[in-house]
Amino acid sequence: MLNYLSRIVRSGSFLPGICMLFALQMLSAEIIHAQDKTVSGTVTNEKGEALFGVNVVVKNTDQGTMTDENGNYTLSIPENANTLVFSHIAYQDQQVEIGGQTTINIQMATRVGELSEVVVVGYGEKEREDVTGSISSIDAAGVQETPTISPDQLLRGKVSGVQVVQTSGQPGSGFQVNVRGVASINGSNEPLYVIDGVPVNNQDNSELYMGGTSRSPLARLNPNDIESIEVLKDASSAAIYGSRATNGVVLITTKRGGEDGISLQFNASTGFSQLPKQIDLVGTSKWMDIINEGIDYYNSDRNLTKGDEVNRLSDPRGQIGPGLDGYWYEFTDPYAQQPYNLDPNRSDTDWMDLVTRDRAMVSNYQLSASGSSGNTQFYASLGTSIEQGIINTNGFDRISGRLNLNHGFSDRFNMGFRVGLTRMDHQRVPNAGIGNGIFTRNLEARPFEVPYQNDGSYMVGGKDIARHNGIQVLNELDAETKDYSVLGTVFSNLEFLGGFRWHSALSADLNYLHDYRYRTVLHPYGGPGGIVVDARTLNQNYLIENTLTYQRTIGNFDSDIMVGYNFEKNEMEQNDIDGRDFPSSSFGYIASAARINDANSMWTANSLESIIGRINVGYANKYLMSFALRRDGSSKFAEGNKYGSFPSASIGWRISEENFFAFDTVTDLKLRASYGQTGNQNGIGNFAAIPSASGGENYLENTGIAITNPGNEELQWETATQYNFGLDLELLYGRFRLTADYFIKNTDNLLYNRPLYTTTGFSQITQNIGSMENRGFELGLRTFNLSSNTFRWTTDFNISFVNNKLTKLIGTEDIMPVGGWHALKVGEPLGTFHMLDMQGIYQNESEIPQALYDQYIRPGDVKFADINNNGSISAADYTIVGDANPDFFGGLANTFAYKNLELSVFLDFSVGQDIYAGWAQQIDVFWPLMSLRQEVADNRWTGPNSTNEYPRAIVGSSRDFNRQSSDRFLYDGSYLKVRNIRLGYTLPQKLSGKLMLSRIKLFVSAQNLFTFTNYPGYDPEVSRYTDAKQQGVDYYNVPPLRSVTVGMNLGF
Amino acid sequence: MKYLKIFTLNIALFAFLFGCEEQLMISPQTSIAPSELGQQEVPQMLNGILHSFQNAPGQASFIMFDMAGGNTETDWDEYQEISENRIDVNNDLVRQNWDGLFEGLYRTNLLLERLAELDDNASNSEAKGVAHYFRAYTYYNLVTRWGDVPIIKENTREKVARDSEQDVWAFIEEELQQAISLAPPASGTSSYYYVSREAAEALMARVALARENWSQGESLAEGLINSGMYSLEDDYSAIFEKENTNTETIFALRNMMGEGNTIGRLFVDYGWPTVGSDVLEAPQDLLDTYENDSLRYKETFIMFDDEPMCTKYLGGAQGGDHIIISRIAEMYLISAEAKARLMDIPGGLDRLNELRQQRGLDDLDISDMDQFMEAVLRERRTELVYEGFRFYDLVRTNRAIDEVPTITAEYQKLFPIPQRELNLNENLQPQNMGY
């Protein structure tokens, strides 16, 4: 499937494919049934234009036809037929009594909210047909039917140009969202999230380091409360958010009250999730055989012979190194001996099974009410979600409440507020890049090791067994992050002097975090008497916003002008205490700690002041233009560099409105072009520009100070200049809609915490260091393939191609390594992998250079490219071996509705990205301290020409040679995922009516059901680091889980 | 009309908000501008320097020469590379050592720059003495690890180039002369956590050995031995007990819990109350050196979980172990070696036997120079084990290849310049030969 997909895309045979689909639809409407009587007529829209493709069906039958290009239809109907149903996706259904008529002409009315779709833009709304930038909208329908914790999850696979990577399958963990590639090299490349007009904090301020298992701060918004999401992709749409818009803007609008009356909804769902796959590891006897094979090689490579047994080392973890005489003795079960005396015939331990749940439960309940009374509209909701993680004690729960209220005091003045309150409780476990990580250490645990000694005490990692004992780590740890948030805005709108509108809003995004972590005295890191870390963080973000809009239509000219002023301040206070030595593991509060090891408090803040202006002009609905300018001042920059201006302009031409345009089937055709600049200041510290001397550099409990931040007063705004060329095409009144965009985004003055030679006294300095380019093409397509009155089939498809590359780095054309596996280089994309290049396996001695032979490299060892041709292999031979960016990615959703039954199938894919399997560097390498992966064991090198893929089983320094960071552990991460399948059934009205309910819908949904990939790890959709420079690393991440839920939706 | 009020309010809000440019001036409340560092901050800057030298080079830096000198055994990657003298150019421990020394140097240079602008009163002049000591200490560490290194007398952002080893040694001597003349005299045992004139003399004596200035080494060491301020302890293990003071220490970094490093983590076993990671173990070859030295052996190693565990840093992951930079026993050994080199083997033997008696060992009777040097080096190995001496002792006496099985080539007598540093500053090229 994957190959097919990439083939059709690459071969360009894509469009013909779509056309075929289209022809099929036509055919399906041509089926004609036995007839008795003929009716004919013409169908037009409100403007009197002929409508093509309207379904005309005899009510309660499947007999029907479709109108032609001139809106004409002819239909044979049975004698007894009395009602005709006219339907079209873009228009409201109409039923007509036939009576004695043989000619029935119909005028259809536009379906509200479809063709004249309203799109939320920055500081306002616009009709879809008037949009000149690149904005994608997401339908939040179906959210209730899939377990969704965080709003960013909704973007996955749904929006062209937006790449979403789930960083971990732990509940409540974050997503990495890139809009049109990565545009900054410092820190995260997350878009700016604006919820009901409030730019929200998207930083995980938790003090607990749990090894790269981030929390999603956005989860404080219950996705069920979302009405719509808009993604502003190009600069002309996003520039109105100026200084923070470089990575795109995601506008989230929560639900508002309906028009009349009050409706109540109750939604409940429950289900479970599971690991999508297991990684097969070899059992004890095979493990021993293979490790001993490696030990044999070790001895024979060195011509060692067995000496005196007395020289054997007695490491409790087994024979993991050579003996005192240099000879490496055979590995035997160390636990069958003193002091452990375990049963030599015990069965193997499945460590992953011990620390994970077979089924992790998920459930969601939500009660909401919306409606209006008099001039007041409201939406209120209460929701709760509980998700267990796949790791035993991992869990997440959330309670959220929301009230959105708006009151119209008159036609000209209204006020309202929108407030959400949320409490999240995260039961956390260490994983991935932390020493006692659960997947990390338990996947590495050897099969003959056990968690408990015979006397019931723990086998301790590093002492008794090789790796941390996951059972011990989980049992002796209590780690929790509680998160209390208020997200609210109060606003007023006043209209005056015919066309003026004044909007004022005061908003707050408040967040209080309480981190607590207790490692008891029995925890591997809990010594000597237990350690409690208790940290509290208060984050306050206030925003004041005023805008004045003037709207006027003169003849064919439409115009609106907006000016505004914003001020925003973000403050964070944090304090933490580290208390140690508790009387016993039942004491968990610092009051009973013998000693305060460390206590800290800190404060930091930044502020942003903005003036904004925008003019939209349209002529006769054909020519559209928009200009915007934003000027931002940020506290992060030094005086003289504080302000940056971000202009943008866009134009649109609706060719289909021109008189000369004579294609009736093309109901809308619009060309768009835009240019704009946006800024970024996110990646840098609040005080990066100011050199500063800090305290805390103490000696003998006396205050010490030192310059800890070199500062850089020359820092200035990182700026992205973006060009966008787009096309919107609609055929047959919305039956087929296509949006295509090509963009070029150049980021200059890239902000970077540049590594510095430390002879300066510092290891890094924040600088504007270079430029980067993203070019891409993206396409979104929506078709209504079949639309009869009993069966509907719609398809949504999107695909994006983004090419990223660094175009300038100051001072150097050379490669700048980042971390151990990546590098920055001009001409290469961010996330470039830089390591040794494995060329295969040495098959015979003649191939091996002398220098390597002297290091005991032998046939069966890895052959690395000797880039500097010096005969040996070292870090100087690192070269570029791949990158973590996909060639293309996208999604495909099909929705089928038959009568009351609805089925939706959503696939997403990402092709061409490389993934570095950090875990394989541990368990694929024949290490006597580690487990061993089955596939590597089965396919290892066993003699000349046995394989060119996996080396021989070898221990000691040759093993270290073979396991050096190289593309041996780099895999193609392409995947196609059946992300979601939903099946829903709405009970007939008759039945629900009897239960006094307006609607009963039952549904079942499955997430991450299948993944098609060649990647040998749990899942190719991973990311250890949220930093784009180091993306594409799988280091024992918990994969996205496979889950199944059932539920119901009741309307009162 | 009420809308009019709201409207006015809106306008007022708007007007008020304009001109909040001063709201964009936010300064950190946990730090001050460097320009504000003045007279009042001198003691605090000194503390910042001590803090840096204690922490920034990394806990492994203090025993780097034990690792590279064959005193340790481990299967922890980067420690193993050093222990087996096959250091990768990307070794993080070596990099941290380099980076940390330059961090301390930056702070020291900054203090000297500030002091040059301040009054030359007594306390400022003492501060200068301390700063000169640390410059010498930095370069002694740098030159013995990396050979040619850039001499930075004033902080700079320039890409500096390397100076010759000769020049570096000359600079160290210059700095120590200044330190000896300016640093405050030691005042009793409680002051050995700060730099004193005596600390500078002790370091100068060590430098003299490296420079083969035997008479200078002898006179400095003898001066300290005869000063009456220091004496050999009866109980060897008392020197390393973190809670007690002792009569041997000339200068140590206090390394308090909460402000310091956890060097003990490297030695202490998981099962020990303070919990360590058990990174480094003593190789058999080291244990064998203690053949007739059972008292000191027992005080240096205790058997824990059937393995000898070093007792010099028992704080484990809890920390709090002080780190001795100079103590009087080293002066006895310096004096003994220097006397012998000045052809006074009997005099040297007296100093050596004095120390041995104190440690419960029999007197030696040696008249041959080679045998004497061997005895001094063995004594240095056991007496000063895990205090950061062994590797350079072997290098300066040209015995590294003979004594350490994993040192087989000349190039291994120096560490590689961290690759990161070479990548960022091409003026530091070329890499030390062989790496």
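Structure first, text after, so check above.
Structural notes, computed from the coordinates.

Rules and cut-offs
Residues numbered from 1 in each chain as written. Chains lettered and ligands numbered in written order. Predicted model: local features only at pLDDT ≥ 70, side-chain atom pairs only at ≥ 80, totals over all residues. Heavy atoms only, no water. Patch = residues over 30% accessible without salt bridge, like charges linked within 9 Å, V, L, I, M, F, W, Y side chains within 5 Å. Areas by Shrake-Rupley, 256 points an atom, 1.4 Å probe, with all protein chains shown as cover. Salt bridge = Lys/Arg side-chain N within 4 Å of Asp/Glu carboxyl O. Helix = DSSP H or I, 4+ residues; strand = E, 2+ residues; numbered from the N terminus. Buried < 20%, exposed > 50% of the residue type's maximum accessible area, 1.4 Å probe, protein only. Pairing = 2+ DSSP bridges. Expected span 1.5 Å × (residues − 1). Contact = heavy atoms within 4.5 Å. Axes fitted to C-alpha atoms, helices over the stretch in contact; angles between N-to-C directions. Parallel < 35°, antiparallel > 145°, perpendicular 65-115°, else oblique. Left-handed = near helix turned anticlockwise from the far one by under 90°. Nonpolar A, V, L, I, M, F, W, Y, C, P; charged D, E, K, R; others polar.

**Comments concerning a nonpolar patch on the surface**
Inference 1: Where nonpolar side chains cluster on the molecular surface, the patch consists of A:Ile554, A:Phe557, A:Tyr619, A:Tyr623, A:Trp653, A:Phe660 and A:Leu671 and spans about 700 Å² of accessible area.
Inference 2: Turning to its location among the elements, A:Phe557 is positioned in strand β25 (residues 557–580).

**With respect to the pattern of salt bridges**
Inference 1: Applying the stated criterion across every chain, the model contains 79 salt bridges over all chains.
Inference 2: With its nearest N and O atoms 3.8 Å apart, the salt bridge here joins B:Asp75 to A:Arg317. With B:Asp75 in the loop between α3 (64–68) and α4 (77–83) and A:Arg317 in the loop between α4 (284–301) and α5 (351–355), this pair bridges two chains.
Inference 3: With a relative accessible area of 31%, B:Asp75 lands in the partly exposed category.
Inference 4: Between B:Arg206 and B:Glu330 there is a salt bridge, and its shortest N-O distance comes to 2.8 Å. Of the two residues, B:Arg206 sits in helix α8 (residues 197–211) while B:Glu330 sits in helix α12 (residues 328–341), which places them 124 residues apart along the sequence.

**Re the sheet that holds strand β47 (residues 970–972) of chain A**
Picture the strands of a sheet paired through backbone hydrogen bonds; they go either parallel or antiparallel.
All names here are of chain A.
Inference 1: The strand order across the open sheet formed by three strands is β47-β46-β50, and the pairing between neighbours is mixed. Every interior strand has two partners, whereas the edge strands, β47 and β50 (1033–1034), have only one.
Inference 2: Pairing between strand β46 (residues 914–917) and β47: three bridges, direction antiparallel. Looking at β47, one finds that Asp-914 is bridged to Asp-972.

**Remarks on the sheet that holds strand β10 (residues 135–139) of chain A**
All names here are of chain A.
Inference 1: Across the sheet, five strands lie side by side as β10-β15-β16-β13-β14; this open sheet has mixed pairing. Taken across any chain shown, the strands that pair with only one partner, and hence form the sheet edges, are β10 and β14 (198–199).
Inference 2: Sheet topology note: the strand β13 (residues 192–195)/strand β16 (residues 249–254) ladder contains four bridges and is parallel. The residue bridging Tyr-193 from the neighbouring strand is Val-250, located in β16.

**Details of helix α2 (residues 42–55) of chain B**
All names here are of chain B.
Inference 1: With 14 residues, α2 extends 20 Å from end C-alpha to end C-alpha; this agrees with the ideal 20 Å at 1.5 Å per step.
Inference 2: Burial runs high along α2: 12 of the 14 residues are buried.
Inference 3: Contact partners of the buried residues in α2: α5 (92–117), α6 (122–146) and β2 (249–253).

**A few points about the packing of helix α7 (residues 165–182) of chain B against α8(B)**
Residue and element names in this part refer to chain B.
Inference 1: Interhelical geometry of α7 versus α8 gives an angle of 155° and a closest axis separation of 9 Å. Comparing their axes, α8 and α7 come out roughly antiparallel. Classified by chirality, the crossing of α8 by α7 is left-handed. Together, Gln-166, Trp-169, Ile-172, Glu-173, Leu-176, Gln-177, Ala-179 and Ile-180 of α7 and Arg-197, Ala-200, Glu-201, Leu-203, Met-204, Val-207, Ala-210 and Arg-211 of α8 make up the contact between the two elements.
Inference 2: Residue composition of the contact of α7 with α8, grouped by class: 10 nonpolar, two polar and four charged.

**Here's the deal with the pairing of strand β1 (residues 37–44) of chain A**
Residue and element names in this part refer to chain A.
Inference 1: For β1 and strand β4 (residues 72–77), the ladder comprises six bridges, and the chain directions are antiparallel. Looking at the pairing, Thr-38 lines up with Ser-76 of β4.
Inference 2: Pairing analysis gives two bridges linking β1 to strand β7 (residues 106–107), with the strands arranged parallel. Residue pairing across strands places Thr-44 opposite Gln-107, the latter belonging to β7.

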